[in-house]
Amino acid sequence: MEKRTARLTLLIDPRKKRAFEQLCAREDVTPSQKVRQFIREYVQAQLGPDWLEQADAFPEQEEDDHK
């Protein structure tokens, strides 16, 4: 289980955002919950179920790094 949180900011087409928000509402989840689910599933698909152990090998970036 993750212990800390970090902010992720992204730009998205307004129409796509509205559609995404409506679809999330149909599932009774917030857009943030759904994005976290997408990210969790992607990371697990790429790194496997023990991804948390592997994630420690990735260096931390400063919050203002926009690479």
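Residues numbered from 1 in each chain as written. Predicted model: local features only at pLDDT ≥ 70, side-chain atom pairs only at ≥ 80, totals over all residues. Heavy atoms only, no water.

Quick rundown of the overall build of the chain? Include the residues and the values.
Counting secondary structure elements, the chain contains 3 helices and 0 strands. The helix and strand sequence of the chain, counted from the amino end, reads α-α-α. (Helix = DSSP H or I, 4+ residues; strand = E, 2+ residues; numbered from the N terminus.)

Tell me about the pattern of salt bridges, residues and numbers included.
In the structure shown here, the tally under the stated rule is 3 salt bridges. Salt-bridge contacts for glutamate 21 lead to lysine 17; the nearest nitrogen and oxygen are separated by 2.7 Å. Placement of the pair is glutamate 21 and lysine 17 together in helix α1 (residues 14–26), with a separation of 4 residues, close to one helical turn. Under the relative-accessibility criterion, glutamate 21 is labelled partly exposed at 33%. Between glutamate 27 and lysine 34 there is a salt bridge, with the nearest N and O atoms lying 2.8 Å from each other. (Salt bridge = Lys/Arg side-chain N within 4 Å of Asp/Glu carboxyl O. Buried < 20%, exposed > 50% of the residue type's maximum accessible area, 1.4 Å probe, protein only.)

Go over the packing of aromatic side chains, please, and point to the residues and values.
For the structure on display, the rule yields 1 aromatic pair. Pairing phenylalanine 20 with phenylalanine 38 gives two aromatic rings, centres 6.3 Å apart and planes at 40°, and the pair type is tilted. Note that phenylalanine 20 is positioned in helix α1 and phenylalanine 38 in helix α2 (residues 31–47), a separation of 18 residues in sequence. Given a relative accessible area of 23%, phenylalanine 20 falls into the partly exposed group. (Phe/Tyr/Trp six-rings, centres within 6.5 Å; stacked < 30°, edge-to-face > 60°.)

Can you lay out unusual backbone geometry for me, pointing to particular residues and giving the numbers?
Backbone geometry at aspartate 28 places phi at a positive 60°, although glycine is not the residue there. Structurally, aspartate 28 can be placed in the loop between α1 and α2.

Could you give an account of a nonpolar patch on the surface, with specific residues and numbers?
On the surface, Leu8, Leu10, Ile12 and Ile39 cluster together into a nonpolar patch covering about 380 Å² of accessible area. Take leucine 10: it is sitting in the segment before α1. The exposure class of leucine 10 is exposed, given its relative accessible area of 51%. (Patch = residues over 30% accessible without salt bridge, like charges linked within 9 Å, V, L, I, M, F, W, Y side chains within 5 Å. Areas by Shrake-Rupley, 256 points an atom, 1.4 Å probe, with all protein chains shown as cover.)

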